[in-house]
Amino acid sequence: MPASPTSQTQPRRPPLTVYLAAPRGFCAGVDRAIQIVELALAKYGAPVYVRHEIVHNRFVVDSLKAKGAVFVEELEDIPQTTQPVIFSAHGVAKAIPEAAKTRNLMVLDATCPLVFKVHMEAVRHHDEGLEILLIGHKGHPEVAGTMGQLPSGSVHLIETIADARAFAPRDPDRLAFVTQTTLSVDDTAEIVAVLKQRFPKIVGPHKEDICYATTNRQAAVKQIAPRIACLLVVGSPQSSNSLRLVEVAKRAGCPQAMLIERAGDIPWSVLEGIASMGVTAGASAPETLVEEVIDALRQRFDVTVETVTTANESIAFNVPRTLRTASAP
Ligand code: SF4
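What you see as residue numbers is a count from 1 along each chain, following the sequence as written. In keeping with the predicted nature of the model, local features appear solely for residues at pLDDT of at least 70, side-chain atom pairs appear and are counted solely at 80 or more, and the whole-chain, interface and lining totals rest on all residues. Only heavy atoms go into the side-chain values, all of them from the structure, while hydrogens and water stay out.

When the terminal C-alpha atoms of helix α10 (residues 240–251) are compared, their 17 Å separation across 12 residues agrees well with the 16 Å that a helix rising 1.5 Å per residue should span. For every residue, the accessible area obtained with a 1.4 Å probe (protein chains only) is divided by the maximum for its type, and the residue is called buried under 20%, exposed over 50%, and partly exposed between those limits. What counts as a helix is a DSSP run of H or I of at least four residues, what counts as a strand is a run of E of at least two, and both are numbered from the N terminus. Looking only at α10, the buried set comprises S240, N241, S242, R244, L245, V246, V248 and A249. Whether two residues are in contact is decided by their heavy atoms: any pair within 4.5 Å suffices. Against the buried residues of α10 lie α9 (212–224), β9 (230–234), β10 (256–260) and β11 (276–281). Remark: G253 follows α10 within two positions and exhibits a positive phi of approximately 105°. Helix span, as expected, comes to 1.5 Å for every residue beyond the first.

Right under this line is the structure:
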């Protein structure tokens, strides 16, 4: 009997098990920030101005741009307007809302409540007369926002263990530390251990400043990493928590871990000959991009998806009260 046309034209695709990390993707802070832009557009119409990328994801930013959001880096880039101005989820230095007030701009603050909590901790320590260390990455907008809660020179940035070893305090008994929310849990623990060993009286957060979403996404990757030949992290190169997922995977034994923004970035040559891989997404990457990656993998492999769940998340944050009513005042 002749072979069917299908068996002649469709070569067998190699089997591939894809371990899908859960939780992955959007966190409550990102979800809230995007909702704020969408609700502002619905209530006030276009344009709404957003200072900095609302969350670090090009797909999200482009889809909000298409709906009428205008993204700027600084307040000075915004014309005098009665339309709303939204601050991104990463938070802003104190001077920014003050400058917006001077210009009578209508502000909607999409700062994640968990970033805001770190701002408040830093202010409280400063009010108590403590010298403050911020564990974080120079240049990240969240770090600029946290340092900018206090007068210049009040907060010292600690990026590495070497920084922690070298830091020379005013008074070793009058110190406090806070951290960026999206750091590597393990790297931060090592830095904190050095600080506590050098300065036993240093005051830290009651509970980690690293947020639940960062912690949970890293824990899921750690679970998957030893079983796979490659991990793809869907996320943006600007996304701190996505970059940390790549590092965490490598450290947990995954030989190849890389960041991709979309399915078009899948490194096919790396996937040749492998039987199992992992997929996750940073806190600012929408699930539709993960689905796009899985669909692209299905084109070339006989894919079996196994979801590896290490935590269930049910956290949600309210949007500002003014956006909870439908129409503009
Ligand atoms: Fe908030 Fe954490 Fe999400 Fe950042 S990653 S927006 S701190 S929940």
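Further notes follow.
With that settled, the discussion passes to the pairing of β9. Across the five residues of β9, five count as buried, placing the element largely inside the fold. On β9, burial covers both faces: C230, L232 and V234 on one face and L231 and V233 on the other are all buried. DSSP bridges decide pairing: two strands pair if at least two such bridges lie between them. In the sheet, β9 pairs with β10 via five bridges, with the strands oriented parallel. By the bridge assignment for β10, V233 is matched with L259. Looking down the strands as they point away from the viewer, one classifies a crossover as right-handed if the path from the first strand across the helix to the second runs clockwise. Crossover handedness for the path β9 to α10 to β10: right-handed. Sheet topology places β9 next to β11; five bridges connect them, and they run parallel. Counterpart to V234 in the pairing with β11 is A281.

To continue, consider the site of the ligand. The nearness test applies per residue and asks whether one of its heavy atoms lies within 4 Å of the molecule or strand. Neighbouring the ligand are the residues C27, G29, V30, C112, L114, V115, T181, T182, C211, Y212 and A283. For the shell around the ligand, the residue count by class is eight nonpolar, three polar and no charged. Gly is placed with the polar residues, together with every amino acid not listed as nonpolar (Ala, Val, Leu, Ile, Met, Phe, Trp, Tyr, Cys and Pro) or charged (Asp, Glu, Lys and Arg).

The term nonpolar core refers to a set of buried residues drawn from Ala, Val, Leu, Ile, Met, Phe, Trp, Tyr and Cys, joined through side-chain atoms within 4.5 Å. V37, I54, V55 and I86 are the most contacted members of the largest nonpolar core, which has 32 residues in total. Within the residue set of this core, elements represented by two or more residues are α2 (28–44), β2 (48–51), α3 (58–67), β3 (69–72) and α9. Tallying contributions element by element places α2 first for this core, with nine residues. Each of domain 1 (5–26 + 212–309) and domain 2 (28–111) gives at least three residues to this core. Sequence-distant contacts of I86, defined by excluding residues within four places in its chain, comprise I36, V37, A40, V48, Y49, V50, R51, I54, L108 and A110. In terms of nonpolar packing, the next biggest core, distinct from the first, is built from 24 residues, C230, I266, I274 and V290 among them. Segmentation of the chain into domains, including their bounds, is taken from an automatic or database domain assignment.

A word on the confidence of the model for the protein. On a scale of 0 to 100, pLDDT captures the predictor's confidence in every residue. Per-residue confidence for the protein averages 95 on the pLDDT scale, and 96% of its residues sit at or above 70. Scored below 50 in pLDDT, residues 1–7 makes one contact in the model with residues more than four places away or belonging to other chains.

Moving on to the sheet that holds strand β7 (residues 155–158). Across the sheet, which stays open at both edges, the three strands sit in the order β7-β6-β8 with parallel pairing between neighbours. Of all strands in the sheet, those with a lone pairing partner are β7 and β8 (175–179), marking the two edges. Going across the sheet, the axis of each strand differs from the next one's by a mean of 30°, ignoring polarity. Here five bridges tie strand β6 (residues 131–135) to β8, and the two strands are oriented parallel to one another. With axes taken as lines fitted to C-alpha atoms, and helix axes fitted only over the stretch in contact, angles between N-to-C directions fall between 0 and 180 degrees.

Running from N to C, α2 and α3 cross one another at 10°; their axes reach a closest spacing of 11 Å. Taken as axis vectors, α2 and α3 run roughly parallel relative to one another. For the pair α2 and α3, the contacting residues are I34, V37, E38 and L41 in the first and V60, L64 and K67 in the second. When the residues that make up the contact of α2 with α3 are grouped by side-chain class, the tally is five nonpolar, no polar and two charged. Each angle gets one of four labels, with under 35 degrees taken as roughly parallel, over 145 as roughly antiparallel, 65 to 115 as roughly perpendicular, and the rest as oblique.

We now examine the domain arrangement of the protein. Per the domain assignment, the segments making up the protein are domain 1 (5–26 + 212–309), domain 2 (28–111) and domain 3 (114–198). The C-alpha centroid of domain 2 is placed 31 Å from the C-alpha centroid of domain 1. Contact with domain 1, which involves 13 residues of that partner, is made by 10 residues of domain 2. Carbon and sulfur atoms make up 58% of the surface buried where domain 1 meets domain 2, a total of about 930 Å² over both sides. Here, a salt bridge means any Lys or Arg side-chain nitrogen found within 4 Å of an Asp or Glu carboxyl oxygen. Summed over the shared surface of domain 1 and domain 2, the number is one salt bridge. Two residues, E261 and R58, come together in a salt bridge whose shortest N-O distance is 2.8 Å. Pairs of N or O atoms within 3.5 Å make up the polar contacts considered here, provided that, within protein, one atom can donate a hydrogen while the other can accept it, and that residues adjacent in sequence are counted only when both atoms are side-chain atoms. Joining domain 1 to domain 2, the criterion identifies four residue pairs in polar contact (both at pLDDT 80 or more). Two parts lose some accessible area (1.4 Å probe) when they are put together, and adding that loss for both gives the buried area.

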